[in-house]
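Now for the letters of each chain:
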Amino acid sequence: MKLTVKEAAQIVGGKIFGDKNLTIVNVAKIEDAENGELSFLYHPSFEKFLATTKASVILINDKINKTRDDITFIEVEHPNFAFQKIIETYFAYEQNLTGISDTAVISDEAKIGENVNIEAYAIIQDDVEIGNNCSIGPHAVIYDGARIGNNVVIHQASSIANAPQDLKYAGEKTFLYIGDNTTVREYATLNRGTDATGFSKVGANCLLMAYTHIGHDCVVGDNCILANAVTLGGHV
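Residues numbered from 1 in each chain as written. Predicted model: local features only at pLDDT ≥ 70, side-chain atom pairs only at ≥ 80, totals over all residues. Heavy atoms only, no water.

Describing the overall build of the protein chain
Logical step 1: Counting its regular elements, the protein chain contains two helices and 26 strands.
Logical step 2: In summary, the protein chain has a C-alpha radius of gyration of 19 Å against a globular reference of 18 Å for 236 residues, a match within 12%.
Logical step 3: On the principal axes, the C-alpha backbone points of the protein chain span a range of 60 × 40 × 25 Å.
Logical step 4: Within the span of the protein chain, comprising 236 residues, buried residues form 48% of the whole.
Logical step 5: For the protein chain, contacts bridging at least 24 residues in sequence account for 35% of all contacts bridging at least 6.
Logical step 6: As presented, the protein chain carries roughly 11,200 Å² of accessible surface, and 48% of it is formed by carbon and sulfur atoms.
Logical step 7: Charged side chains of the protein chain number 18 positive and 30 negative; the gap between the two group centres comes to 6 Å. (Helix = DSSP H or I, 4+ residues; strand = E, 2+ residues; numbered from the N terminus. Rg over C-alpha atoms; globule rule 2.2 N^0.38 Å. Buried < 20%, exposed > 50% of the residue type's maximum accessible area, 1.4 Å probe, protein only. Contact = heavy atoms within 4.5 Å. Areas by Shrake-Rupley, 256 points an atom, 1.4 Å probe, with all protein chains shown as cover. Lys, Arg positive; Asp, Glu negative; His and termini not counted. Charge placed at Lys NZ, Arg CZ, Asp CG, Glu CD.)

A few points about unusual backbone geometry
Logical step 1: Here Ala157, not a glycine, exhibits a phi torsion of approximately 60°, which is positive.
Logical step 2: One can find Ala157 in the loop between strand 16 (153-154) and strand 17 (159-162).
Logical step 3: One non-glycine residue with positive phi stands out, namely Tyr187, at about 65°.
Logical step 4: Secondary-structure assignment places Tyr187 in the loop between strand 19 (183-184) and strand 20 (189-191).
Logical step 5: Owing to a relative accessible area of 43%, Tyr187 belongs among the partly exposed residues under this scheme.

Concerning the pairing of strand 21 (residues 199-202)
Logical step 1: Here strand 21 shows a buried face lined by Ser200 and Val202 and an unburied face lined by Phe199 and Lys201.
Logical step 2: One ladder, built from two bridges, connects strand 21 with strand 24 (residues 219-220); its direction is parallel. Counted as the bridge partner of Lys201 is Val219 from strand 24. (Pairing = 2+ DSSP bridges.)

Topic: helix 1 (residues 5-12)
Logical step 1: Along helix 1, the positions that sit buried rather than exposed are Val5, Ala8, Ala9, Ile11 and Val12. For helix 1, the buried positions fall inside an angular range of 155° around the axis, keeping them on one side. (Arc of directions from axis to C-beta.)

A word on the packing of aromatic side chains
Logical step 1: In this structure the tally under the stated criterion is seven aromatic pairs.
Logical step 2: Relative to Tyr42, the ring of Phe40 has its centre 5.9 Å away and its plane inclined at 20°; by these criteria the two rings are stacked.
Logical step 3: Overall, the relative accessible area of 22% leaves Phe40 in the partly exposed class.
Logical step 4: According to the relative accessible area criterion, Tyr42 is partly exposed, its value standing at 37%.
Logical step 5: Here the aromatic cluster, defined as three or more aromatic residues joined through ring pairs, consists of Phe40, Tyr42, Phe46, Phe49 and Phe83.
Logical step 6: One Lys or Arg, Lys66, reaches over the ring of Phe17 and ends 4.4 Å from the middle of that ring. (Phe/Tyr/Trp six-rings, centres within 6.5 Å; stacked < 30°, edge-to-face > 60°. Lys NZ or Arg CZ within 6 Å of the ring centre and 35° of its normal.)

Okay, structure coming up:
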């Protein structure tokens, strides 16, 4: 799968120094990268590789000197996390895009975008909207009220937009929003809102690692990374 520097920068919220239209064909470590590939550099002790790398695009932070005019740089706060985010979003599923599995259970009322991959035994309920170029992993459940953007990857057995764990919740119609280019890793649980606010929200370009929990009425901004098993209670 290919993407442009501009698309990569949008995924990670980075600033481009160089050719925004350059095409990235793969990812690699900085010492192994070839022409057309993306790499990252996050600590000055690794700057020695900058003189010899063949990478066309490098993710850096503001502590790294941009000493090569023939390389396009994308400046972000955490290059290593940004590199992982791009892999998760664009390259991890390159060999696994199989369309919609015959064993997936999908409501006829759900709104599914173009080029969406839905794997075995996933369940998509009625009041669900999924954008373009998304991937839903096996055994994931997407409940009523889910509003999922474009280029979102949801891994296996995740629970998306399930009812709030709040004793005051009385079945009112509420929502969970997931922004573009966000990745939700395996066994994550994301609850929709309660009547207090009406929604929970995860922004664009986020990475929610395995076993994370987003409680009811939470709002997570853009470009956020939640490490494994991080738990947000309601109204965070």
